[in-house]
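# Structural features, examined
In case you want the letters, here they are:
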Amino acid sequence: MDNNRDTAADPLPQTGLPATEVPGTGLLGTEPSETDLPVTEAAQLLPVAELHLHIEGTLQPELIFELAERNGITLPYSGLEELRGLYEFSDLQSFLNLYYANMAVLQTEQDFADMTSAYLARAAAAGVRHAEIMMDPQAHLSRGVSLETCVNGVVSALATSQEDFGISTLLIAAFLRDLSEESALEVLDGLLAMNAPIAAIGLDSAEVGNPPAKFERLFAKAREAGLRLTAHAGEEGPPSYIIDALDILGVERIDHGIRCMEDPELVERLVADRIPLTVCPLSNVRLRAVDTLADHPLPAMLAAGLNVSVNSDDPAYFGGYVDDNFSQLKAVFDLSDFDRARLAANSIHSSFASEERKAELLDELNAG
Ligand SMILES: [Zn+2]
C-alpha cells in the first residue's frame, strides 16, 4: 500500500510546470510528442493508474447475492436477473438509490476485504498497476457498520495488493456531499483518531445543490493533516463548481470535470495548470451526462490539451472496468495509439503515488 504521508504532503510535481522528460523513462511529462510514445498493438493493455474508483461501486450482482447469503440478509430481488435489470439509470440519483441499497450486504471486515480483492483481481486483468480507491465511510456508519469494520476490511486487502495482484494502492476517504459538513468533520476526526491509512479525501454523491463551498472547513482540516485533496465537480454540476473546488477547497485533482468544456476560460486555466481530470466515459453514458459515448467530450478534451485520464467510477454499475472504457472509446472514436498512451501517462503522472512508483510505471509504459 502506498500511502506515505510525507509524499502525500508534496505538491503535484507536474502542476503548473511545462512538460519535462521523466528521468530514465524517455517519456515526456504530460504533453509528450508523438515520437516519444511507444507504439502498441490495438488490443494490448497499457499499464495505467486508476484514480477514480468507488470500491462500493465494484459490487457485482453475483457477490451481492453471495454476501447476502453469508450474512442472512434477504434481498428485495427475486434473483440475479431482476437485480441486473435494475441497472438502467435515468440520472445520478436513480443510480445512487440502488448503490446505497446494495451496500446492505456489507457487514463484516471480511465482506469489505472480499469486495476489495474482487476489484483488484479484475483491475489487474484490465491493466491497472496503481489504484487510488475511494470508500464512503458515512454510507456504512449510517447502517450501523463501524469505521473500524469498513476501513480495516478494505485495508486488509490493499495491504497485500502489490504481492497478490501487482497493483500498488492507496485509500481515499470520500465524503457524501448531500450530508452536512458537521457529519463529514466528525468522520474525518474518527479516521484521524484511529490513524486510518488514508492518503487523501474526496467528495462524492449528489452534486447539484451541494456546492464545494459547503465543505471548506473539511478540506482545510484534511490539508492540515497532510492529506491530498480531490473532489467530484462538473459531472452534473456547473463549471463554477470546478472553479470553487480549486479555489475554495484547494483540490489538486478534479473527479469528472467534463462540464469544464462549457467554459473556455476555465479550460485555459486547467490546461495551463495541468489540473488532472479523472474522466469516466461509460459512467457518463449510464448516468445520462451524455446521450451516447459518441457524444462524449473526451476527444475534445484531449484536443484542448487537458490532463485527462480514463477511469471506471463504479464499474459494476456502469458497464465496465478501465479496459472496457478504453476498448469502447477506441471503437467509437478510433483513438490512436498515441492518445491511448497519452491517457495512460496522464493517469500515472496525476496519481498520488511516490515519484519512485510513478517512474517504475512510466518505465513499464515506455517499454510497450
Ligand atoms: Zn465518482
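Residues numbered from 1 in each chain as written. Predicted model: local features only at pLDDT ≥ 70, side-chain atom pairs only at ≥ 80, totals over all residues.

## Quick notes on the overall build of the chain
In terms of helices and strands, the chain carries 18 helices and 8 strands. Looking at the 368 residues of the chain, the share that counts as buried comes to 50%. At a minimum sequence separation of 6, the contacts of the chain that also span at least 24 residues come to 77%. (Helix = DSSP H or I, 4+ residues; strand = E, 2+ residues; numbered from the N terminus. Buried ≥ 20, exposed ≤ 12 C-beta atoms within 10 Å, placed from the backbone. Contact = placed C-beta atoms within 7 Å.)

## Considerations on the nonpolar core
Met135, Val154, Leu171, Ile172, Ile198, Ile201 and Ala245 are the most contacted members of the largest nonpolar core, which has 103 residues in total. Broken down by element, the residue count for this core peaks at 7 residues, all from strand S3 (residues 168-176). Discounting residues that sit within four places of it in the chain, Met135 has contacts with Ile55, Cys150, Val154, Leu171, Ala173 and Ala174. (Core = buried A, V, L, I, M, F, W, Y, C linked by C-beta atoms within 7 Å.)

## What to know about the pairing of strand S6 (residues 253-256)
Of the strand pairs in this sheet, strand S5 (residues 228-233) and S6 are connected by 4 bridges, and their pairing is parallel. Residue pairing for S6: Thr230 is matched across the bridge by Arg253. This β-α-β element, S5 to helix H11 (residues 239-247) to S6, shows right-handed connectivity. The sheet contact formed by S6 and strand S7 (residues 276-279) spans 2 bridges and is parallel. Looking at the pairing, Ile254 lines up with Leu277 of S7. With helix H12 (residues 264-272) bridging S6 and its parallel neighbour S7, the resulting β-α-β unit is right-handed. (Pairing = 2+ DSSP bridges. Right-handed = clockwise from strand over helix to strand, strands pointing away.)

## What to know about helix H10 (residues 216-224)
Every buried residue belonging to H10 is among Leu218, Phe219 and Ala222, and all of these are buried. The arc that holds every buried residue of H10, seen down its axis, measures 90°, which confines them to one face. Along its buried surface, H10 packs onto S3, helix H9 (181-193), strand S4 (198-204) and S5. Among the residues trailing H10, Gly226 stands out with phi positive, at a value near 85°. (Arc of directions from axis to C-beta.)

## Let's talk about unusual backbone geometry
Even without glycine at this site, Asn195 takes up a positive phi of about 55°. Relative to the assigned elements, Asn195 resides in the loop between H9 and S4. In this model, His256 sits at a positive phi of 80°, which is unusual for a non-glycine residue. Tracing the chain through its elements places His256 in strand S6. Look at His256 and you get buried, because 27 C-beta atoms sit within 10 Å.

## What to know about the environment of Thr160
Topologically, Thr160 is positioned in the loop between helix H7 (147-158) and helix H8 (161-165). Each C-alpha atom, one on Thr160 and one on Ser117, is 9.7 Å from the other, the two residues being 43 residues apart in sequence.

## Topic: the environment of Leu120
Its location among the elements puts Leu120 in helix H5 (residues 109-125). The sequence separation of Leu120 and His130 amounts to 10 residues, and the corresponding C-alpha distance is 9.9 Å. The residues contacting Leu120, other than those within four sequence positions of it, are Ala157, Ser161, Asp164, Phe165 and Ile167.

## Points about the environment of Met103
When you line up the elements, Met103 lands in the loop between helix H4 (92-102) and H5. Separated by 40 residues in sequence, Met103 and Arg143 place their C-alpha atoms 8.9 Å apart. Residue contacts for Met103: discarding those within four places in its chain leaves Glu56, Ala139, His140 and Arg143.

## Some words on the sheet that holds strand S1 (residues 48-54)
An order of S1-S2-S3-S4-S5-S6-S7-S8 is seen for the 8 strands of this open sheet, with the pairing classed as parallel. Only two strands of the sheet have a single partner each, and these edge strands are S1 and strand S8 (307-310). For this sheet the average axis-to-axis angle between neighbouring strands, irrespective of direction, equals 25°. Of the strands in this sheet, S1 and S8 are in contact with helix H17 (residues 337-349), which crosses S8 at around 100°. (Axes fitted to C-alpha atoms, helices over the stretch in contact; angles between N-to-C directions.)

## Some thoughts on the pairing of strand S2 (residues 128-135)
A large share of S2 lies buried, amounting to 8 of its 8 residues. Inspection of the sheet shows S1 paired to S2 by 5 bridges, in the parallel sense. Residue pairing for S2: Leu53 is matched across the bridge by Ile133. As paired elements, S2 and S3 share 6 bridges and run parallel to each other. Residue pairing in the sheet places Glu132 in a bridge with Leu170 of S3.

## Describing the packing of H9 against H10
Running from N to C, H9 and H10 cross one another at 15°; their axes reach a closest spacing of 9 Å. In terms of their interaxial angle, H9 and H10 are classed as roughly parallel. In this structure, H9 meets H10 at a crossing whose hand is right-handed. Across the interface between the two elements, Glu181, Ala184, Leu185 and Leu188 of H9 pack against Arg217, Leu218, Lys221 and Ala222 of H10. In terms of residue class, the contact of H9 with H10 is made up of 5 nonpolar, no polar and 3 charged. (Parallel < 35°, antiparallel > 145°, perpendicular 65-115°, else oblique. Left-handed = near helix turned anticlockwise from the far one by under 90°. Nonpolar A, V, L, I, M, F, W, Y, C, P; charged D, E, K, R; others polar.)

## Looking at helix H18 (residues 355-367)
Over its 13 residues, H18 runs 18 Å from end to end, which matches the ideal 18 Å to within 8%, given 1.5 Å per residue. Within the span of H18, buried status applies to Arg357, Lys358, Leu361, Leu362 and Leu365. The buried residues of H18 all sit within an arc of 135° when viewed along its axis, so they share a single face. Opposite the buried face of H18, at more than 90 degrees from it, the exposed residues are Glu356 and Ala367. The first or second residue beyond H18 is Gly368, which carries a positive phi of 65°. (Expected span 1.5 Å × (residues − 1).)

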